[in-house]
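Structural overview for review
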Amino acid sequence: MGIVVENVSKQFGSFKAVDEVSLEVESGSLVALLGPSGSGKSTLLRLIAGLETPDSGKILLTGRDATYRSVQDRNIGFVFQHYALFKHLTVRQNIAFGLEIRKTPKTKIKERTEELLELVQLRGLGNRYPSQLSGGQRQRVALARALAVEPQVLLLDEPFGALDAKVRKDLRAWLRRLHDEVHVTTVFVTHDQEEAMEVSDKVVVMNQGRVEQVGTPAEIYDHPATAFVMSFIGPVNVLPSTAKIFQTNGFDSAHQEILLRPQDIIVETTQNGTTVPARVSRLINLGWEVQAELTLDDGQVVTAHLTRERFDELKLEPQQRVYVKPKDAKSFPIYYSI
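What you are looking at is a predicted structure, and each value in this text was computed from that prediction instead of being measured.

Read across the sheet, 4 strands follow the order 2-1-4-5 without closing on themselves; strand pairing throughout is antiparallel. Of all strands in the sheet, those bounded by a partner on one side alone are strand 2 (15-25) and strand 5 (64-65). Here strand 1 (residues 3-12) runs beside strand 4 (residues 56-61); their pairing, made up of 5 bridges, is antiparallel. Among the inter-strand pairings, Glu-6 is bridged to a residue of strand 4, identified as Lys-58. In this fold helix 1 (residues 41-49) packs onto strand 1, strand 2 and strand 4, with an angle of close to 120° to the strand it touches most, strand 1.

Right, dumping it as structure tokens:
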């Protein structure tokens, strides 16, 4: 096992940042810590790194108790959101820095540095300074520097958070390919659901210092354990169980609220026995799909996502009368708003 966290808690004053968290990260896997601001994901990462000390609990790295070991003794590579590169050093010197501190032979440093420049697709840029690179390139240098010392564990704290959307998307695809080459046990923090789902082998969803669910991206999306998980992983409509759209379709729930994803709302232009009437309030073209805001006759407002093909078939227009029904819906004992 790469990383084991056992009943770890960390409190800052009266605020409990991490509350009895237990977690196992398999050796060689890539795991995302996902959650909103204040959920405890960055604190948990810092506890694993040794940058914070837990108030209680235990942390094991590659089978050894690392709870109170120093950062230097953990053999961890850490990448921050804002690169933290040395501005006065070249790309090549930044990558080599950790190896030089460890007094690695110069021939080994040169060999390892050139190998990493190739790996992170920066060959030919070794003599440039950070100021001469794009944000995406600087983040690749930071990753190469972290990998240079061949860490047993790689920790990334919002690694792409400071980059624009296009660069971020390109880099996360690159990170996945990089991980498949190096197979270092990797944990990265993000609040971006799409990023977590696209890159990771497993997702750890956190909320208010606790782990809500651990699973593959498909498990998290298709079988959310709590209302918070479902509402955080993708858009949802939240409706009372008394809404006519559920009663008409025989959806029996004793819970007060039911969650329904926009793509699980079926829209028709003719009525049948299982649909309820609605009015098209607004249409938003999202390129690959169309978002329709619909007002039901009981006053409830729902959002439906339609493929472009389906939208073209229906020929929807604002204020048009339509008929809707749920394809799938989920209810939970308690709904946590976000």
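A contiguous nonpolar patch, built from Leu-51, Val-71 and Phe-80 and spanning about 210 Å² of accessible area, is present on the exposed surface. As for its position among the elements, Val-71 is in the loop between strand 5 and strand 6 (76-79). You can call Val-71 partly exposed: its relative accessible area is 35%.

Moving on, we get to the nonpolar core. Counting 44 residues, the largest nonpolar core has Ile-95 and Leu-154 as its most contacted members. Residues contacting Ile-95, with those up to four places away along its chain left out, are Thr-113, Leu-116, Leu-117, Val-141, Ala-144, Arg-145 and Ala-148. Within the second largest apolar cluster, 25 residues are counted, among which are Ile-3, Ala-49, Ile-76 and Leu-155.

A few words on helix 2 (residues 91-101). Among the residues making up helix 2, those that are buried are Val-91, Asn-94, Ile-95, Ala-96, Gly-98 and Leu-99. Considering only its buried residues, helix 2 is in contact with helix 3 (106-119) and helix 4 (135-148). Positive backbone phi, at 55°, marks Lys-103, one or two positions downstream of helix 2.

In this section: the sheet that holds strand 11 (residues 237-240). Read across the sheet, 3 strands follow the order 11-12-18 without closing on themselves; strand pairing throughout is antiparallel. Strands at the two margins of the open sheet, each flanked by one partner only, are strand 11 and strand 18 (330-331). Two elements, strand 11 and strand 12 (residues 257-260), share 4 bridges in a ladder whose sense is antiparallel. Residue pairing across strands places Val-238 opposite Leu-259, the latter belonging to strand 12.

Moving on, we come to the packing of aromatic side chains. Throughout the structure, instances matching the rule amount to 3 aromatic pairs. Relative to Phe-80, the ring of Phe-78 lies with its centre 4.6 Å away and its plane at 35°, an arrangement referred to as tilted. Looking at Phe-78, the relative accessible area reads 17%, which means it is buried. Phe-80 sits in the partly exposed class, given a relative accessible area of 36%. Relative to Phe-97, the ring of Phe-86 has its centre 4.6 Å away and its plane inclined at 50°; by these criteria the two rings are tilted.

Another point: unusual backbone geometry. For Glu-150, which is not glycine, the phi torsion reads 50° and is therefore positive. Counting through the fold element by element, Glu-150 comes out in the loop between helix 4 and strand 7 (153-157). Even without a glycine there, the phi angle at Glu-158 is positive, about 45°. In this structure, Glu-158 sits in the loop between strand 7 and helix 5 (165-182). The exposure class assigned to Glu-158 is buried, which follows from its relative accessible area of 12%.

Relative to the assigned elements, Ser-29 resides in the loop between strand 2 and strand 3 (30-34). Of the residues examined, Ser-29 reaches a relative accessible area of 11% and is grouped as buried. Within the structure, the side chain of Ser-29 is placed 2.7 Å from the backbone oxygen of Glu-26, a separation counted as a polar contact. Residues within four places of Ser-29 in sequence aside, it is in contact with His-179, Val-184, Thr-185, Thr-186 and Asp-201.

Looking at where Asn-237 falls in the secondary structure, it is placed in strand 11. Judged by its relative accessible area of 6%, Asn-237 is buried. Only 2.8 Å separates the side chain of Asn-237 from the backbone nitrogen of Thr-303, close enough to count as a polar contact. Residue contacts for Asn-237: discarding those within four places in its chain leaves Ile-258, Leu-259, Leu-260, Arg-261, Pro-262, Ile-265, Val-301, Val-302 and Thr-303.

On to the pairing of strand 16 (residues 301-307), then. Summarising burial for strand 16: 5 of the 7 residues are buried, a large majority. Here strand 15 (residues 289-296) hands over to strand 16 after 4 residues, with Gly-299 in that stretch at a positive phi of 95°.

Cut-offs applied
- Residues numbered from 1 in each chain as written.
- Predicted model: local features only at pLDDT ≥ 70, side-chain atom pairs only at ≥ 80, totals over all residues.
- Heavy atoms only, no water.
- Pairing = 2+ DSSP bridges.
- Helix = DSSP H or I, 4+ residues; strand = E, 2+ residues; numbered from the N terminus.
- Contact = heavy atoms within 4.5 Å.
- Axes fitted to C-alpha atoms, helices over the stretch in contact; angles between N-to-C directions.
- Patch = residues over 30% accessible without salt bridge, like charges linked within 9 Å, V, L, I, M, F, W, Y side chains within 5 Å.
- Areas by Shrake-Rupley, 256 points an atom, 1.4 Å probe, with all protein chains shown as cover.
- Salt bridge = Lys/Arg side-chain N within 4 Å of Asp/Glu carboxyl O.
- Buried < 20%, exposed > 50% of the residue type's maximum accessible area, 1.4 Å probe, protein only.
- Core = buried A, V, L, I, M, F, W, Y, C linked by side-chain atoms within 4.5 Å.
- Phe/Tyr/Trp six-rings, centres within 6.5 Å; stacked < 30°, edge-to-face > 60°.
- Polar contact = N/O pair within 3.5 Å; in protein donor to acceptor, adjacent residues only side chain to side chain.

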